[in-house]
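Listed below are the residues making up each chain.
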Amino acid sequence: MRFIGNKTQLLGNIKEVVDRHAAGSRSFCDIFSGTASVARFFKQWYAVYSNDLLYFSYCLQRATIEAPAKPTFDRLAAALGIRDPIAYFNEMDTQRMESLPVAKRFFQNNYAPAGGRMYVTDSNALRIDFARNTIEAWNREGLLSPDAYYYLVASVVEGIPFVSNIAGTYGAFSKTWDRRAGKLFTLIDLPVVSNGFENKSYNEDGTALLQRISGDILYIDPPYNERQYLPNFHVLETAARYDFPVLRGKTGQRPYAQQRSAFCSEKTAGKAFDALLGSARFRHIILSYNTDGIMTLDEIEAIMKKHGIASSFEVSFIPYRRFKSKSVATRTEDLKELLVYIRKEV
Ligand SMILES: C[S@@+](CC[C@H](N)C(=O)[O-])C[C@H]1O[C@@H](n2cnc3c(N)ncnc32)[C@H](O)[C@@H]1O
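The model shown is predicted, which means the values in this text are computed figures rather than measured ones.

What counts, and where the lines are drawn
- Residues numbered from 1 in each chain as written.
- Predicted model: local features only at pLDDT ≥ 70, side-chain atom pairs only at ≥ 80, totals over all residues.
- Buried ≥ 20, exposed ≤ 12 C-beta atoms within 10 Å, placed from the backbone.
- Helix = DSSP H or I, 4+ residues; strand = E, 2+ residues; numbered from the N terminus.
- Pairing = 2+ DSSP bridges.
- Contact = placed C-beta atoms within 7 Å.
- Core = buried A, V, L, I, M, F, W, Y, C linked by C-beta atoms within 7 Å.
- Domains from an automatic or database assignment.
- Nonpolar A, V, L, I, M, F, W, Y, C, P; charged D, E, K, R; others polar.
- Expected span 1.5 Å × (residues − 1).
- Axes fitted to C-alpha atoms, helices over the stretch in contact; angles between N-to-C directions.

What about the pairing of strand β5 (residues 282-290)?
In regular strands, side chains alternate between the two faces of the sheet. A large share of β5 lies buried, amounting to seven of its nine residues. Relative to β5, strand β4 (residues 215-220) is paired through five bridges, and the arrangement is parallel. Opposite Gly-215, over in β5, you have Phe-282 as the bridge partner. Pairing geometry for β5 and strand β7 (residues 336-343), over seven bridges, is antiparallel. Paired with Tyr-289 across the strands is Leu-338, a residue of β7.

Looking at the pairing of β4
Burial analysis of β4 places five of its six residues in the buried class, which makes it a mostly covered element. One ladder, built from three bridges, connects strand β1 (residues 27-30) with β4; its direction is parallel. Among the inter-strand pairings, Asp-30 is bridged to a residue of β4, identified as Tyr-219.

Considerations on helix α3 (residues 55-66)
With respect to burial, α3 is a largely interior element, eleven of its twelve residues being buried. Residues Phe-56, Ser-57, Tyr-58, Cys-59, Leu-60, Gln-61, Arg-62, Ala-63, Thr-64, Ile-65 and Glu-66 constitute the buried set of α3. Each element contacted by the buried residues of α3 is listed here: α2 (37-42), β2 (47-51), α8 (146-159), β3 (200-202) and α11 (234-241).

Side note on unusual backbone geometry
Of note in the backbone geometry, Phe-73 takes a positive phi value of approximately 60 degrees without being a glycine. Mapped onto the elements of the fold, Phe-73 is located in the loop between α3 and α4 (74-80). Not every positive phi belongs to a glycine, and Phe-244 is a case in point at roughly 50 degrees. One can find Phe-244 in the loop between α11 and α12 (269-279). We classify Phe-244 as exposed; it has 12 C-beta atoms within 10 Å.

Observations regarding the nonpolar core
One recurring pattern in soluble globular proteins: nonpolar side chains tend to sit buried together. Judged by nonpolar contacts, the single largest core of 92 residues is most densely connected at Cys-59 and Val-157. When residues of this core are sorted by domain, at least three fall in each of domain 1 (1-68 + 199-223 + 262-346) and domain 2 (71-190 + 230-260). Setting aside chain neighbours within four positions, we find Cys-59 in contact with Tyr-150, Val-153, Ala-154, Val-157 and Ala-240.

Let's talk about the domain arrangement of the protein
What the domain assignment lists for the protein is domain 1 (1-68 + 199-223 + 262-346) and domain 2 (71-190 + 230-260). Each of domain 1 and domain 2 was reduced to a C-alpha centroid, and the two centroids are 29 Å apart. Between domain 1 and domain 2, the residue contacts involve 13 residues of the former and 21 residues of the latter. Here the residues of the side of domain 1 that touches domain 2 sort into ten nonpolar, one polar and two charged.

Structural notes on α8
Here α8 contains 14 residues, and its C-alpha end-to-end distance of 20 Å stays within 8% of the 20 Å for a straight helix at 1.5 Å per residue. Of all 14 residues in α8, eleven are buried, a share of seventy percent or more. Taken together, the buried positions of α8 are occupied by Ala-148, Tyr-150, Tyr-151, Leu-152, Val-153, Ala-154, Ser-155, Val-156, Val-157, Glu-158 and Gly-159. In the core, the buried residues of α8 are packed alongside α3, α5 (85-90), α7 (122-140) and α11.

A look at the sheet that holds β2
With mixed pairing, the seven strands of this open sheet are ordered in space as β3-β2-β1-β4-β5-β7-β6. Looking along the sheet, the strands with just one partner apiece sit at the ends: β3 and β6 (314-319). Direction aside, the axes of adjacent strands within the sheet are offset by 15 degrees on average. On the sheet, helix α1 (residues 11-21) packs against β4, β5, β6 and β7 and is oriented at approximately 20 degrees with respect to β7. In the packing of helix α13 (residues 297-307) onto the sheet, the strands contacted are β5, β6 and β7, and the crossing angle to β7 comes to about 15 degrees.

Pasting the structure below:
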């Protein structure tokens, strides 16, 4: 998924640090999961805890981390003969979805030209609205297990970035149509790893959660800059909640006072990191950050050494890979991704 700070490209580097320092570990906690790409990868080998302040991230985690396997949709099959709801939605003609009452079309009424915005086309908005209304109705009627419900919501959320008319985030929509927006919206069939462990997903402040859970490896990937995540991904949050919020302004922001991160402000990031590490009851701590972030490497080192075993502190510098174009590559040449390790006495 297109998401600021998605670590898909860094999985091999993180694994290398984990293998070097934490052999014999059994559990892995991804406390700032975002797309859940790191949690999904490590679920192959560890009992995984995942967490994020964003509800749509929770749905992605709940579907692929906490769920022990892909759901079977038995109740839906028994009641309606639908064994594969993903195919059911994806193969349906958009015309047939016109039966959905206009008042129920939150995406079309707010994020598409019919509602004065251009995040998605009118027809893709209708496909999203039809899927979300149907999933909620099936859930109300008791036709979905909790695993099946979250799986379908996550499949909708994962599909939206493929047809979104944006330049990276939902901070604003583009004023002309991107080619990607013209593709047909489909739900994504998500793979679910079965690892034989009990895995658990959460949707809360990371520091608060760390008061209650403990384990072996703690992977920390906080925001690096002032950009709050919710306003940049509000459309996905609304797709997941489907809660008909009152939107504001040209870009159609939803309220997000409860989902502000202390890691996005110079004033509070250091204190928040200090509190997070203070709460952590994990032996191996790995931080992802970059050399252009709000906290400096010196500050990070001081805080990590305050809570961990100073002699175990280690930093890996990884060339920044987000940008592919040559001109931008020159500008970001000095920028490095950081993987910072420390061992903690617990
Ligand atoms: C750099 S991103 C994580 C990216 C993720 N590793 C991935 O590969 O997709 C940071 C994440 O931290 C979350 N976040 C920020 N502050 C948080 C907090 N106090 N508690 C939990 N999650 C938080 C944001 O919502 C965002 O999803």
